[in-house]
Amino acid sequence: VYYNRKKCIRTVSFRPHCTSNRPAAPLGSRILTNPNDVFKHNMWDHVQWTEEDKENARLKAEENSSIRVPLNEQVKFDKDAGQIWEKFYETHHNKFFKNRKWLFAEFPELLPPAQTRTSHHEHTDIQTPSFPGQHAAFRILEVGCGVGNSLFPILSTIKKTDAFVYCCDFSSNAIELMKAHPDYDASMCHSFVHNICDEEVPFPFPPQSLDVILAVFVLSSIHPERMEGVVNRLSAYLKHGGVFLFRDYGRYDFSQLRFKNGIILHIISTNICTYFVQNLFVNAGLDEIQNLEDKRLQVNRGKKVVMRRVWVQSKFKKR
Ligand SMILES: C[S@@+](CC[C@H](N)C(=O)[O-])C[C@H]1O[C@@H](n2cnc3c(N)ncnc32)[C@H](O)[C@@H]1O
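Below you will find a few notes about this structure. Residue numbers run consecutively from 1 along every chain, following the written order of its sequence. Only residues with pLDDT of at least 70 get local features here, since the model is predicted, and only at 80 or more are side-chain atom pairs given and counted; chain-wide, interface and lining totals rely on the full set of residues. Excluding hydrogens and water, the side-chain figures rest on all heavy atoms present in the structure.

## Describing the site of the ligand
Inference 1: The environment of the ligand is made up of 19 residues, and the closest members are Y89, R100, G144, D169 and N195.
Inference 2: Counting of polar contacts relies on pairs of N or O atoms within 3.5 Å, with two restrictions inside protein: one atom must be capable of donating a hydrogen and the other of accepting it, and residues adjacent in sequence are counted only when both atoms are side-chain atoms. Taking F170, its main chain carries an N or O atom lying 3.2 Å from a nitrogen atom of the ligand.
Inference 3: At 2.9 Å, a backbone N or O of V216 approaches a nitrogen atom of the ligand.
Inference 4: The accessible surface values rely on the Shrake-Rupley method and a 1.4 Å probe; as for residues, cover is taken only from the protein chains in view. Protein chains bury 99% of the 590 Å² of accessible surface belonging to the ligand in isolation.
Inference 5: Among the cavities detected, the one that contains the ligand is the second largest pocket. Residues are classed as near a molecule or strand on a simple rule: at least one heavy atom within 4 Å of it. Here a cavity is any set of points on a 1 Å grid over the protein atoms alone where a 1.4 Å probe fits but cannot get out, and a pocket is any open set with protein on both sides within 12 Å along at least 5 of 7 lines; a residue lines the site when it has an atom within 4 Å of a point. By definition, a pocket or cavity contains a molecule when more than half of the molecule's atoms lie within 2 Å of the pocket's grid points.

## Quick look at the pairing of strand β10 (residues 305–318)
Inference 1: Taken across its 14 residues, β10 has 10 buried, putting it largely inside the fold.
Inference 2: Pairing between strands is defined by DSSP: at least two bridges between them are needed. Only DSSP runs of H or I reaching four residues or more are called helices, and only runs of E reaching two or more are called strands; each is numbered from the N terminus. Looking at chain direction, strand β8 (residues 238–249) and β10 are connected through seven bridges and run antiparallel. Bridging across to β10, V243 finds its partner in K317.
Inference 3: The pairing of strand β9 (residues 286–300) with β10 spans 14 bridges and is antiparallel. By the bridge assignment for β10, N300 is matched with V305. Only protein chains enter the calculation, and the probe is 1.4 Å; a residue is then buried if its accessible area is under 20% of its type maximum, exposed if over 50%, and partly exposed in between.

## A closer look at the packing of aromatic side chains
Inference 1: Only centres within 6.5 Å qualify two rings of Phe, Tyr or Trp (six-membered ring in Trp) as a pair; their planes then separate them into stacked at under 30 degrees, edge-to-face at over 60, and tilted for everything else. Tallying each qualifying case throughout the model produces 17 aromatic pairs.
Inference 2: Judged by centre distance (4.5 Å) and plane angle (50 degrees), the ring pair of Y166 and F205 falls under tilted. Highlighted residues: Y166 in strand β5 (residues 163–169) and F205 in the loop between β6 (189–193) and β7 (210–216), separated in sequence by 39 residues.
Inference 3: With centroids separated by 5.4 Å and ring planes inclined at 25 degrees, the aromatic side chains of F203 and F205 adopt a geometry described as stacked.
Inference 4: Classification of F205 by relative accessible area gives buried; the value is 4%.
Inference 5: An aromatic cluster is built from F164, Y166, F192, F203, F205 and Y237, whose rings are joined through pairwise contacts.
Inference 6: Sitting over the ring of W102, R247 keeps its end group 4.7 Å from the ring centre.
Inference 7: One residue, K295, lies across the ring of W49, its end atom 5.5 Å from the ring centre. The rule is short: NZ of Lys or CZ of Arg within 6 Å of the ring centre and within 35 degrees of the ring normal puts a charge over the ring.

## Considerations on the pattern of salt bridges
Inference 1: The term salt bridge refers to a side-chain nitrogen of Lys or Arg lying within 4 Å of a carboxyl oxygen of Asp or Glu. Applying the stated criterion across every chain yields a total of 14 salt bridges.
Inference 2: Of the charged contacts in the structure, one is a salt bridge between R296 and D294, with a shortest N-O distance of 3.0 Å. Like D294, R296 is buried.
Inference 3: Counted as one network, the salt bridges with shared partners bring together D45, R247, D294 and R296.

## Some details on the packing of helix α7 (residues 224–235) against helix α10 (residues 274–283)
Inference 1: Geometry is summarised by axes, namely lines fitted to C-alpha atoms with helices restricted to the contacting stretch, and by angles between N-to-C directions that run from 0 to 180 degrees. At a minimum axis distance of 9 Å, the contact between α7 and α10 shows a crossing angle of 40 degrees. If you check the angle between α7 and α10, you find them oblique. When you trace α7 past α10, the crossing you get is right-handed. Counting all contacts with α7, which are made through P224, M227, E228, V231 and N232, the residues of α10 involved are F276, L280, F281 and N283.
Inference 2: Lys, Arg, Asp and Glu make up the charged group, whereas Ala, Val, Leu, Ile, Met, Phe, Trp, Tyr, Cys and Pro make up the nonpolar group; the residues left over, Gly among them, are polar. Among the residues making up the contact of α7 with α10, the classes are represented as six nonpolar, two polar and one charged. Angular relationships are summarised with four words: roughly parallel below 35 degrees, roughly antiparallel beyond 145, roughly perpendicular across 65 to 115, and oblique for the angles in between. The crossing is said to be left-handed when, going from far helix to near helix, the turn is anticlockwise and less than a right angle, and right-handed when the turn is clockwise. Two residues form a contact once any of their heavy atoms are found within 4.5 Å.

Treat this as a map of the structure, not an account of what it does.
If you want it as structure tokens, here you go:
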């Protein structure tokens, strides 16, 4: 783990590992074949890195990590993470992240199975449920949900099904913004403030009650030493056969190599690699379905800037 004093960022480096089991519908299909076309679109898919590109990225990452943050600052950064995110949402409200439109294309596991496609208003059981979403046939938990950029696409898709979504974030500002949104529907979801690093506070549903857990750009905010505990604790809430869906900033992503943006500095703690992810989840008792690097070129056509993006996308099933 390398610490960078100026950038206040940690990066974890491991031997590269990646399964090549790309989904049938690939992550994207806009391929750059002629470099002169690069400014014709905002994003290019399946970008190949040459050995030189990899070496340059490695050198840049090394340079960025050359100054280590002293231990007391590391502890402070970790301790203040909650406040940093509260301030982030105070400043940016729900304007920073965009709705995750790709969610169902990449994670069809979020779709409730056909037999649960009855209206969730049809329940005849009038007893008060012992936990929210108790009567649902399909339960999803999103951790680090922010202001609902994944929740809202999920809610609009699971309407008229017997599915229920739980979502939590440790920023109360984020949860309040999400609840105030006109698309928020408390009959289909339950949102709550929760720090997933907290070992003591239980979730408002029993162990082995979830079909899906979703973590989108969240684990990268967490200190690497805490990740194992987080994944173990969360996995205990999955049913056998339930899936953990994960997407995050990968090693040598733009966010790791270039930190001009003061926001990014403070919100990304770790850039993650597939080998690290595999160890985390397999050790927590889950089997790999997918674990890959999604490499793209993101283009700012106005500023004529090209950014190499690397996201890790993974799916693991509980044994
Ligand atoms: C990059 S944002 C992603 C938000 C959302 N998942 C999305 O895709 O738009 C990371 C989110 O994780 C939350 N987060 C970070 N650490 C957390 C923790 N320990 N417990 C709960 N939420 C956390 C932050 O407050 C923030 O909302």
